[in-house]
Amino acid sequence: MVTDVTATAEWQALREHAAQLRGAHLRELFAADPHRGERLAGQAADLYVDYSKNLVTDETVRLLAALAGRVRLTERIAAMFSGAHLNATEDRAVLHTALRLPRDATLVVDGQDVVADVHAVLDRMASFAERVRSGQWQGHTGARISTVVNIGIGGSDLGPVMAYEALKAYRDAGITCRFVSNIDPTDIHDTIHDLDPASTLFVVVSKTFSTQETLANARQARHWLLEGLGGDEAAVARHFVAVSTNRQRVQDFGIDPENMFGFWDWVGGRYSLPSAVGLSVMLAIGADRFGEMLAGYHAMDEHFRTTPVERNVPALLGLLNVWYTNFLDAPTHAVLPYSQYLHRFPAYLQQLTMESNGKSVTVDGTPVTYRTGEIFWGEPGTNGQHAFYQLMHQGTGLIPADFVAFSEPHHDLGDMHDLFMSNFFAQTAALAFGRTAEEVAAEGTAAELVPHKVMPGNHPSTSIVAPRLTPATFGQLVALYEHIVFTEGAIWDINPFDQWGVELGKVMANQFAPLLTGTDVDLAAVDSSTATLIARYRRQRGR
Ligand code: F6P
């Protein structure tokens, strides 16, 4: 294992290469190679990925692949797929890829047939979903379920809500899903106040079943349900199901374990959408479509597992992210889906990427000497164009961006999809090639305005295009990013599968709670800023 990746010859070679490449412009790189746009592209399952508009040459790709070789990326990939305990700080396997293995696959990990376990839960989910969707499963009063409310947070919310929104075109049983995550009481209030409890099903999703936000929201939901249905406790069993790894806590909460769908500690929260955590999505689109999504994930998994680094699309994109982060000093990365259905994709990716790679010690606990974990952000096109693209085009920073689009729309209204896609193509070209002062002047622009209208170009982007947004291509897209994250984590030698950094805030929130509500509280032990803020809050709350 490499101890400090920056001390390797491969890292040094990239550093020198970056220095040589500074000053190169995409205009020149394209002019020098008329086939660059076809050559620097790859196919992974149904996704066509053009990375030619990145600030790279063939030599960059070769050097990045050499770095991957140095950190034994291929071996690390094999280790993940085989169930090695890569999540060292929690001594756990990292096996979200097993969630989408086909039924006839085999994978025995720690003496357990993982594929059989996964499909047993999928079968239970499918049977439950079918009963709800067909109306066979009825609420306490005999009413059919028409609304599913997913209560969860982080990976127990962001994946399901993002997928539900992405696959809305495939909803086919008249079931609408809503999502509650925030402990701000406004969230649960606004989400359920206009619902009919008789036809509402709550899916409480929590890997640990100990998350403050989720339990508080679930308690409120339960209270609302019982109040609405006359107080008969028996109603809970018809209106609440749980998704968790912790059977005991589900039971303690008052949900019948018969109504619980399990998953395993080897599934990280932010990787859990293809597990039972996706139950609300399955309720909306059905088990067959859900299965197509899993098959899409699996197709990308197979690409990542079996393709040499030079043609391995997730590996290449992960390496490009390292290139920008560590060699070209780009701290952020934009993800810009040209699909309204993917409007929650950037939010989902924020947890996937930043909770995974926001680490500052290596796997063995040594502080890193290099930047890790870029900031991911974005909005769907074309909304972003009228908001922050100005900074991407003419700002001073380097912002690599992923543009995601689909050739076939779900709603082909007149020429709107072609107009939409012309924006997609225009933006990546404008970012890359810009407009020179000579070109601006030649348009008759007044001399004093020329510098304001110059578009420097040389802003990198990757175009990811699929034929159509289907459950399968959606699964491929999500798995693509999971594996990008893995690749980056491997280069940085960090553990992308734990999240200790979120713990302190949770502990302190529990410590502060009594200081907000108690009488005669002593704020002396609290820092002066927080004490002043709490005192002020208490006054405004009349305490
Ligand atoms: O925010 C930290 C975190 O542990 C995430 O990793 C996780 O997705 C989220 O909280 C929710 O956790 P749980 O599913 O256990 O409620």
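All values reported here derive from a predicted model rather than from experimental measurement.

Chain-level pLDDT for the protein chain is 97 on average; 100% of the residues reach the 70-or-more range. Predicted as a complex, the structure gets a pTM of 0.97 and an ipTM equal to 0.98.

To continue, consider the UniProt feature "active site" (unreviewed entry) in the protein chain. As recorded in UniProt, the sites labelled "active site" (unreviewed entry) are Glu355, His386 and Lys506. Look at the named residues: they lie 152 residues apart in sequence, and the longest C-alpha span between them is 36.9 Å, so in the fold they stay spread out. Structurally, the position occupied by Glu355 is in helix H15 (residues 345-357). Each residue touching Glu355, except ones within four places of it in the same chain, is listed here: Arg270, Gln350, Asp498, Gln499 and Val502. Among the polar contacts made by the side chain of Glu355, one reaches the side chain of Arg270 at a distance of 2.8 Å.

Turning to the nonpolar core, a few remarks are in order. Formed by 127 residues in total, the largest nonpolar core has its most connected members in Leu201, Trp266, Trp323, Phe345, Phe474, Leu480 and Tyr481. Once residues lying within four places of it in the same chain are set aside, the contact partners of Phe474 are Met162, Ala163, Ala166, Leu167, Leu273, Met293, Leu342 and Leu469. Formed by 25 residues, the second largest nonpolar core is a distinct cluster that contains Ala218, Trp224, Leu229 and Val236.

Attention now moves to the packing of helix H5 (residues 73-82) against helix H13 (residues 287-306). Running from amino to carboxyl end, H5 crosses H13 at an angle of 140 degrees, the nearest separation of the two axes being 9 Å. Here H13 runs oblique to H5, going by the angle between their axes. Here Ile77, Met80 and Phe81 of H5 come into contact with H13, specifically with Asp301, Phe304 and Arg305. In terms of residue class, the contact of H5 with H13 is built from four nonpolar, no polar and two charged.

Right, let's get into unusual backbone geometry. Look at the link from Gly381 to Thr382: it is a cis peptide, with omega at 0 degrees. Looking at where Thr382 falls in the secondary structure, it is placed in the loop between strand E11 (375-377) and helix H16 (389-394). The phi angle at Asp91 is positive, at roughly 50 degrees, despite the residue not being glycine. Tracing the chain through its elements places Asp91 in the loop between H5 and strand E3 (108-109). With phi around 55 degrees, Asp329 is a residue other than glycine that occupies positive phi space. Relative to the helices and strands, Asp329 is located in the loop between helix H14 (313-327) and strand E10 (332-338).

So, how was this worked out
Residues numbered from 1 in each chain as written. Predicted model: local features only at pLDDT ≥ 70, side-chain atom pairs only at ≥ 80, totals over all residues. Heavy atoms only, no water. pLDDT = per-residue confidence, 0-100. UniProt positions renumbered as here; feature names shortened; annotations may be inferred. Helix = DSSP H or I, 4+ residues; strand = E, 2+ residues; numbered from the N terminus. Contact = heavy atoms within 4.5 Å. Polar contact = N/O pair within 3.5 Å; in protein donor to acceptor, adjacent residues only side chain to side chain. Core = buried A, V, L, I, M, F, W, Y, C linked by side-chain atoms within 4.5 Å. Buried < 20%, exposed > 50% of the residue type's maximum accessible area, 1.4 Å probe, protein only. Axes fitted to C-alpha atoms, helices over the stretch in contact; angles between N-to-C directions. Parallel < 35°, antiparallel > 145°, perpendicular 65-115°, else oblique. Nonpolar A, V, L, I, M, F, W, Y, C, P; charged D, E, K, R; others polar.

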